[in-house]
2 protein chains.
Amino acid sequence: MVFDRDEYRERLSRCRKAMAERGIEVLIESDPANMNYLTGYDGWSFYYAQAVIVTLEDEDPLWIGRGVDIAGVRLTTFLTEENIVPWPDHLVDNAVNHPMEFFAEQLSARGLGRKAIGFDPDSYQFTPRCLDVLQAALPNARFVVAPRLVNWLRVLKSEAEIKVMVEAARITESIMRAFFEVVRPGLRECDAIGEIYKAQAAGTKAFGGEYCCVAPLMPTGEGTATPHMTWSDRKFQTGEATYLETAGVRHRYHVPMVRAVHLGAPPQQLVDTSKAVNEGIEAALAAARPGNSCEEVEAAWRKAISRYSIEKESRIGYSIGVGYPPDWGEHTVSLRPRDKSVLQENMALHMVCGIWDQDWGGVSFSEPFHVSSNGAVLFAKVPRELHVKQ
Amino acid sequence: MVFDRDEYRERLSRCRKAMAERGIEVLIESDPANMNYLTGYDGWSFYYAQAVIVTLEDEDPLWIGRGVDIAGVRLTTFLTEENIVPWPDHLVDNAVNHPMEFFAEQLSARGLGRKAIGFDPDSYQFTPRCLDVLQAALPNARFVVAPRLVNWLRVLKSEAEIKVMVEAARITESIMRAFFEVVRPGLRECDAIGEIYKAQAAGTKAFGGEYCCVAPLMPTGEGTATPHMTWSDRKFQTGEATYLETAGVRHRYHVPMVRAVHLGAPPQQLVDTSKAVNEGIEAALAAARPGNSCEEVEAAWRKAISRYSIEKESRIGYSIGVGYPPDWGEHTVSLRPRDKSVLQENMALHMVCGIWDQDWGGVSFSEPFHVSSNGAVLFAKVPRELHVKQ
């Protein structure tokens, strides 16, 4: 187990409090990051129905999932045998019967079939069919939407979590060193990614890296007009910019970062926009103090870049922590207008400022940081500038 | 574009036929593998609401997704500007408004607001909230469940798709060579994974590799009792088995494989079970001929291993092709009892036979193959045996 038993007890206790406030007696939580947060569970099993079930009355949650995965539950969680419940394998890709029928039987058998059952209506792993089957099988239950209930518990990190993220940041630094080192004219993008993956997995001498929940995103050349391309087997060319967005990962905690390499002398437009973006980031980081709101942080960015006649529609940051595919964002606070969430000590965010332009490409830099009593503390120390290689 | 325009026309034409048969006039398809299959679209943007919309009347589908991703649509699909529709960024992680409100406006504006709208009720990207918002905003539409409609179109591969998968298999072979080479006593698991990732990304001299939609799964030591663990920074030890399950990927087509390394002389139990599993695989492959059903293939496996008093509850294979996180399975045919789907030429499957045991660990081997008129043709040539390193 990654954290001590008391840390999980505290998380579950806060979960119950949040449930009680919303009139929820039983929470069915299928988001793998939330399952990990509540129990420590870690396994690549989130492509079939599984959930951690938290009740107001029981100290320990239930884990219900596919039978072949229960050894992984034993290895990664504090749960005891009676709380680990496997569904039978014939329910995999079964056109007639659904694993949620099994969930309903289990809830009924435990006297939970007439309770107020909370679920996240916008979580990928809990599909319309999951809800439909569960509702049909538990006609006496009351279903209550609980959007991002556990996600919001994750926003404030414990000291132990910050420590893990600081470790993940050492891997982030190692990945970016590999990126700056490897990109050169004539090398295939896929070969550069090979070295980047290697740095990500190897981690440091003291501790290894884990899989990142997003593939390395490395727009280059004409692809820099869009942030979410991966890579190809095309060769790097002099005169082109290449961006890398990926994360160092430790105990499933992600510390993501965007950096850029330019082969040969960069065009003035890129130099100027990079300067503007970096000034904007500095201004926003300076505003990222406890007591300021998310929209105030974004306003500082907006004011700084407006001097350069640059605008940006999309948000400039979001909360980070435990990550599973498809993304490392916590889906809670965003640095943008109208987000009035107030920054507090031990929040962790990824400030990411990309300016994408269909004509000349784009510029993107980011900083992962946590909020201390004195303001933003960067997780990783990587020069935030266009890394020019002649 | 990966395939020529006619191949996409053919796919869309079969999609319309399947829609018409189910009384569906408009299909909203959010599964990234299905979006790729219908349009070529490839981008890591599937963590927010996006979809390809196919109608019975229009030749080309619509792509609706987040604004920052439209340059990626232009780069990877045949869609023209009027069919690429971005939603505004303030809808990201917005607690009040949802991107599906924008989808509803677009459908209404195009005269599709009163049609029979099909959706997959068990697809991760289309959540209960997506459905709820769409239904509320389009009260005159009729919503029709269309489970795995496009997935089923993908089961039969074209010659062009088989060719791409044969290329992916060259990468699978290269990955397994790296795996056999690198595992040794005293090396950290994470450092072995670094080399495996590198082989996966680098691909071959002729073409590069792509990201695999599942992290490398590498159970080792006590972790071999469960198939879906990734890796740690523990060191390999003599006397332990290590399994690797991952895929070579080309144009998003996955050719997965499981192989095993044992450091030092393997225990007799492992040798015997490996022999039994491999005999079972041989028997099942021999039965994988056009005209035989999926359950007949599984029965051949079951009969072969019964001689060794081994049983296996879980299925021994499934259809493969385009893959995006969280898994490479097509969620259609399964090699198991009661699956009466009949094998046809140009189906592609992953036969994966793992025997997991809480007491002594497990054994797992697999073969990705396609069905030819003469029977199963293995995609990759990698010796299927316990690779013993002394």
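Residues numbered from 1 in each chain as written. Chains lettered and ligands numbered in written order. Predicted model: local features only at pLDDT ≥ 70, side-chain atom pairs only at ≥ 80, totals over all residues.

1. Some thoughts on the environment of D89 of chain A
Mapped onto the fold, D89 of chain A is located in the loop between strand 4 (84–87) and helix 4 (99–109). With 107 residues separating them in the primary sequence, D89 of chain A and I196 of chain A have C-alpha atoms 37 Å apart. (Helix = DSSP H or I, 4+ residues; strand = E, 2+ residues; numbered from the N terminus.)

2. Describing the pairing of strand 6 (residues 142–145) of chain A
All names here are of chain A. In terms of strand pairing, strand 5 (residues 116–119) meets strand 6 through 4 bridges, oriented parallel. Within strand 6, the residue paired with F119 across the bridge is V145. Read as a crossover between parallel neighbours, the route from strand 5 over helix 5 (residues 128–137) to strand 6 is right-handed. (Pairing = 2+ DSSP bridges. Right-handed = clockwise from strand over helix to strand, strands pointing away.)

3. Re the pairing of strand 2 (residues 51–55) of chain A
Side chains on a regular strand alternate between the two faces of the sheet. All names here are of chain A. For strand 2, a buried count of 5 out of 5 residues is recorded, marking the element as mostly surrounded by other parts of the structure. By the alternation rule, side chains of strand 2 split into A51, I53 and T55 and V52 and V54, which are all buried. Pairing geometry for strand 1 (residues 26–29) and strand 2, over 4 bridges, is antiparallel. Counted as the bridge partner of I28 is I53 from strand 2. (Buried ≥ 20, exposed ≤ 12 C-beta atoms within 10 Å, placed from the backbone.)

4. So, the environment of E385 of chain A
Residues and elements named next belong to chain A. Within the secondary structure layout, E385 lies in the loop between strand 13 (375–378) and strand 14 (387–389). Residue E385 is classed as exposed on the basis of its 12 C-beta neighbours within 10 Å. Taking the C-alpha atoms as reference points, E385 and R259, separated by 126 residues in sequence, lie 7.6 Å from one another.

5. With respect to the relation of the copies chain B and chain A
Expressed as a screw transformation, the operator carrying chain B onto chain A has a rotation angle of 180° and an axial translation of 0.0 Å, and the superposed copies differ by an RMSD of 0.0 Å. Here the two chains are linked by the operation of a two-fold rotation axis. (Least-squares fit on C-alpha atoms with pLDDT ≥ 70 in both.)

6. What to know about the sheet that holds strand 4 (residues 84–87) of chain B
All names here are of chain B. An order of 4-3-2-1-5-6 is seen for the 6 strands of this open sheet, with the pairing classed as mixed. This sheet does not close on itself; its edge strands, each paired only once, are strand 4 and strand 6 (142–145). Between one strand axis and the next, the sheet turns by 25° as a mean value, whatever way the strands run. The sheet strands contacting helix 4 (residues 99–109) are strand 1 (26–29), strand 2 (51–55), strand 3 (62–66) and strand 4, and the helix crosses strand 4 at an angle near 140°. (Axes fitted to C-alpha atoms, helices over the stretch in contact; angles between N-to-C directions. Contact = placed C-beta atoms within 7 Å.)

7. Concerning the interface of chain B and chain A
At the interface, 65 residues of chain B touch 65 residues of chain A. For the side of chain B that touches chain A, the secondary-structure elements that each account for two or more residues are helix 3 (70–76), helix 5 (128–137), helix 8 (189–202) and strand 10 (327–334) of chain B. Per element, the largest residue contribution to the side of chain B that touches chain A is 8 residues, and it comes from helix 8 of chain B. A breakdown of the residues in the side of chain B that touches chain A according to their chemical character gives 31 nonpolar, 20 polar and 14 charged. (Nonpolar A, V, L, I, M, F, W, Y, C, P; charged D, E, K, R; others polar.)

8. Some points on the domain arrangement of chain A
All names here are of chain A. Split into domains, chain A comes out as domain 1 (5–154) and domain 2 (159–389). Spacing between the C-alpha centres of domain 1 and domain 2 amounts to 33 Å. Taken together, the contact between domain 1 and domain 2 spans 11 residues of the former and 9 residues of the latter. For the side of domain 1 that touches domain 2, the elements supplying multiple residues, two or more each, are helix 2 (32–39) and helix 6 (149–154). In terms of residue count, the dominant contributor to the side of domain 1 that touches domain 2 is helix 2 (4 residues). Residues of the side of domain 1 that touches domain 2, tallied by class, amount to 5 nonpolar, 2 polar and 4 charged. (Domains from an automatic or database assignment.)

9. Description of the sheet that holds strand 1 of chain A
Residue and element names in this part refer to chain A. Reading across from one edge, 4-3-2-1-5-6 is the order of the 6 strands in this open sheet, with mixed pairing throughout. The open sheet has two edge strands, strand 4 and strand 6, and neither has a second partner. Between one strand axis and the next, the sheet turns by 25° as a mean value, whatever way the strands run. Here strand 1 runs beside strand 5; their pairing, made up of 3 bridges, is parallel. Looking at strand 5, one finds that V26 is bridged to I117. Packing against the sheet, helix 1 (residues 5–21) makes contact with strand 1, strand 2 and strand 5, and its axis sits at approximately 70° to strand 2.

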